[in-house]
Amino acid sequence: QVQLVESGGGVVQSGGSLRLSCVVSGFAFNYQSMHWVRQAPGKGLEWVAVISPDGSPEFYADSVKGRFAISRDNSKYTLYLQLNNLRSQDTAVYYCVKGSNHYYYGMDVWGQGTTVTVSS
Amino acid sequence: QSALTQPASVSGSPRQSITISCTETSSDLGDYNYFAWYQQHPGKVPELLIFDVDKRPSGVSHRFSASKSGNTASLTISGLQPEDEAHYYCSSYTDSGQWVFGGGTKVTVL
């Protein structure tokens, strides 16, 4: 079955960096767009970024544009999110989410998430 | 960035039907009409309920249905059950290449 396993979360100081990873299995990764979605403590879902199957194009939420970078290694079935210049408001659970078969349908299967805590 | 507005909470008694609205508050969705709905139980991962406005993935109960009229998408839960207590989020693609979520609606079964 489809599985997505995130890692790389942790506690980082304001202004610091982290790299999140998401290893997937159970589907043809190299044919699917992939998303990152985050959820701050006690808050709703916030879409972060999407990457096309071959790595381009990418799109970002305005709140992270210029600070975060989404990438993928199709040979390793792995999705990444590089988080730079982190702020306290970036504290959240970050979910790796498989894109639907139809690009515009958005997201279907979610990973368990990895927690990022930005301390000031 | 475009916004989708949902009521903060909706409640109903067992076996009743409830409807959650999701209203576009900007024109950034353009001609795109790709609404989805997700269910998230407390402490759990979100799950896809509806895609492409009104389609259910296999395994999702027929008690969940959805539609769109004008600038408002709606999710209806029929025959409300205790296990339907959760947060529900709408989502849509926008013409800037981004996706957007509504603020979420907490459903309480009285």
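Residues numbered from 1 in each chain as written. Chains lettered and ligands numbered in written order. Predicted model: local features only at pLDDT ≥ 70, side-chain atom pairs only at ≥ 80, totals over all residues. Heavy atoms only, no water.

Kindly report on the pattern of salt bridges, identifying the contributing residues and their values.
Per the counting criterion, the structure on display carries nine salt bridges over all chains. Connected via shared salt-bridge partners are Arg38, Glu46, Arg67 and Asp90 of chain A. (Salt bridge = Lys/Arg side-chain N within 4 Å of Asp/Glu carboxyl O.)

How would you summarise the interface of chain B and chain A if you had to cite specific residues and measurements?
Counting from both sides, the interface comprises 21 residues of chain B and, opposite them, 25 residues of chain A. Buried surface at the junction of chain B and chain A, summed over both partners, amounts to about 1900 Å²; 63% is from carbon and sulfur atoms. The three residues of chain B that bury the most area against chain A are Val45, Trp99 and Phe101 of chain B, which together make up 34% of that side's buried surface. Here chain B and chain A share zero salt bridges between them. Summed over the shared surface of chain B and chain A, the number is six residue pairs in polar contact (both at pLDDT 80 or more). Per-class residue counts for the side of chain B that touches chain A are twelve nonpolar, seven polar and two charged. (Contact = heavy atoms within 4.5 Å. Buried area = accessible area lost by both parts, 1.4 Å probe. Polar contact = N/O pair within 3.5 Å; in protein donor to acceptor, adjacent residues only side chain to side chain. Nonpolar A, V, L, I, M, F, W, Y, C, P; charged D, E, K, R; others polar.)

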